[in-house]
Amino acid sequence: MKEATFLNIVNPVKDKMYRLALRLLSSKEAAQDATQEVILKLWTRKEKIKDYANVEAFAMTTTKNYCLDELKAKRNNNLRIVHQSYENNDISVHREVELLDEMNWLNKIVAGLPEQQKIIFQLRDIEQYEYEEIEKIVEMNPTAIRVSLSRARKAIRESLIKKHNYGISQN
């Protein structure tokens, strides 16, 4: 397989791999490193790539596994959440601060979820993967995926409601 063919296969999924790595590793630098490492792994297996029915699912699975291995190795235990992917110059400074605060809260809540819920939430609600694709990536049955996603959403919703109702007494 030539380099151009390989890049045509990998480039469309590269951003999704990075976003998944960012969600799991919580650092732009670590996510970039992870994405590069996974692309190198894919390059070393370039002759076998054509045998896979869904290269994107294989790339995402490889990214997920690499990131989990990194977390297990505790190489990323001192990383901070840095995520600023929403920028709009037409909003007021106050609204921008509110949105940034809300994103920081959301990132903290998601970071506190169990790994399985975090991965499934990222793939379904952020990356917009179909359940069949998620099933291939995380190697779980559809019912378990739906239950895990439901629990993640419920935990996020309850945490945000608790944050927004802080100091408000309900008589």
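Residues numbered from 1 in each chain as written. Predicted model: local features only at pLDDT ≥ 70, side-chain atom pairs only at ≥ 80, totals over all residues. Heavy atoms only, no water.

An unreviewed UniProt entry annotates the protein chain as RNA polymerase sigma factor of Christiangramia antarctica. Under the heading Sequence similarities (unreviewed entry), UniProt records this for the protein chain: "Belongs to the sigma-70 factor family. ECF subfamily." (UniProt positions renumbered as here; feature names shortened; annotations may be inferred.)

Trainee: Describe the packing of helix H2 (residues 28-44) against helix H4 (residues 55-72), listing the residues and the values that go with them.
Mentor: It is the contact of H2 with H4, at a shortest axis distance of 10 Å, that shows an interaxial angle of 125 degrees. Overall, the two elements H2 and H4 adopt an arrangement that is oblique. When the axes of H2 and H4 are compared, the crossing they make is right-handed. Taking contact as the criterion, the partners of Ala34, Glu37, Val38, Lys41 and Leu42 in H2 are, on H4, Phe58, Ala59, Thr62, Thr63, Tyr66 and Cys67. (Axes fitted to C-alpha atoms, helices over the stretch in contact; angles between N-to-C directions. Helix = DSSP H or I, 4+ residues; strand = E, 2+ residues; numbered from the N terminus. Parallel < 35°, antiparallel > 145°, perpendicular 65-115°, else oblique. Left-handed = near helix turned anticlockwise from the far one by under 90°. Contact = heavy atoms within 4.5 Å.)

Trainee: Any details on the environment of Lys163? Residues and values, ideally.
Mentor: One can find Lys163 in helix H8 (residues 142-164). In sequence terms Lys163 and Glu102 are 61 residues apart; their C-alpha atoms lie 9.9 Å from each other. If near-sequence neighbours (up to four positions away) are discounted, Lys163 is found in contact with Asp101, Glu102 and Trp105.

Trainee: Explain the packing of helix H6 (residues 115-126) against helix H7 (residues 131-138) to me, using residue names and the numbers behind them.
Mentor: At their nearest, the axes of H6 and H7 sit 10 Å apart, and the two run at 145 degrees to each other. Here the hand of the crossing between H6 and H7 comes out right-handed. Residues Ile119, Ile120, Leu123 and Arg124 of H6 touch H7, and the partners they reach there are Tyr131, Ile134, Ile137 and Val138. Counted by class, the contact of H6 with H7 contains seven nonpolar, no polar and one charged residues. (Nonpolar A, V, L, I, M, F, W, Y, C, P; charged D, E, K, R; others polar.)

Trainee: If you had to explain the packing of aromatic side chains to someone new, which residues and values would you point to?
Mentor: By the definition in use, this model includes two aromatic pairs. Note on Phe6 and Trp43: the rings are 5.0 Å apart at their centroids and 75 degrees apart in plane angle, and the pair reads as edge-to-face. Residue Phe6 is found in helix H1 (residues 3-25), and its partner Trp43 is found in helix H2; the two are separated by 37 residues along the sequence. A relative accessible area of 3% means that Phe6 is categorised as buried. On the basis of an interplanar angle of 15 degrees and a centroid distance of 4.1 Å, the ring pair of Tyr52 and Phe58 is categorised as stacked. Directly above the aromatic system of Tyr129 lies the positively charged group of Lys16, at a separation of 5.0 Å from the ring centroid. Lys46 extends its terminal NZ or CZ atom over the ring of Trp43, reaching a point 4.1 Å from the ring centre. (Phe/Tyr/Trp six-rings, centres within 6.5 Å; stacked < 30°, edge-to-face > 60°. Buried < 20%, exposed > 50% of the residue type's maximum accessible area, 1.4 Å probe, protein only. Lys NZ or Arg CZ within 6 Å of the ring centre and 35° of its normal.)

Trainee: Tell me about helix H5 (residues 93-111), and name the residues and values.
Mentor: Taking 1.5 Å of rise per residue, 19 residues should cover 27 Å, and H5 covers 27 Å from first to last C-alpha, within 8% of that figure. Of all the residues in H5, the buried ones are Met103, Asn107, Ile109 and Val110. All buried residues of H5 lie within an arc of 160 degrees about the axis, which places them on one face of the element. The exposed set on the far side of H5, more than 90 degrees from its buried face, consists of Val93, His94, Val97 and Lys108. (Expected span 1.5 Å × (residues − 1). Arc of directions from axis to C-beta.)

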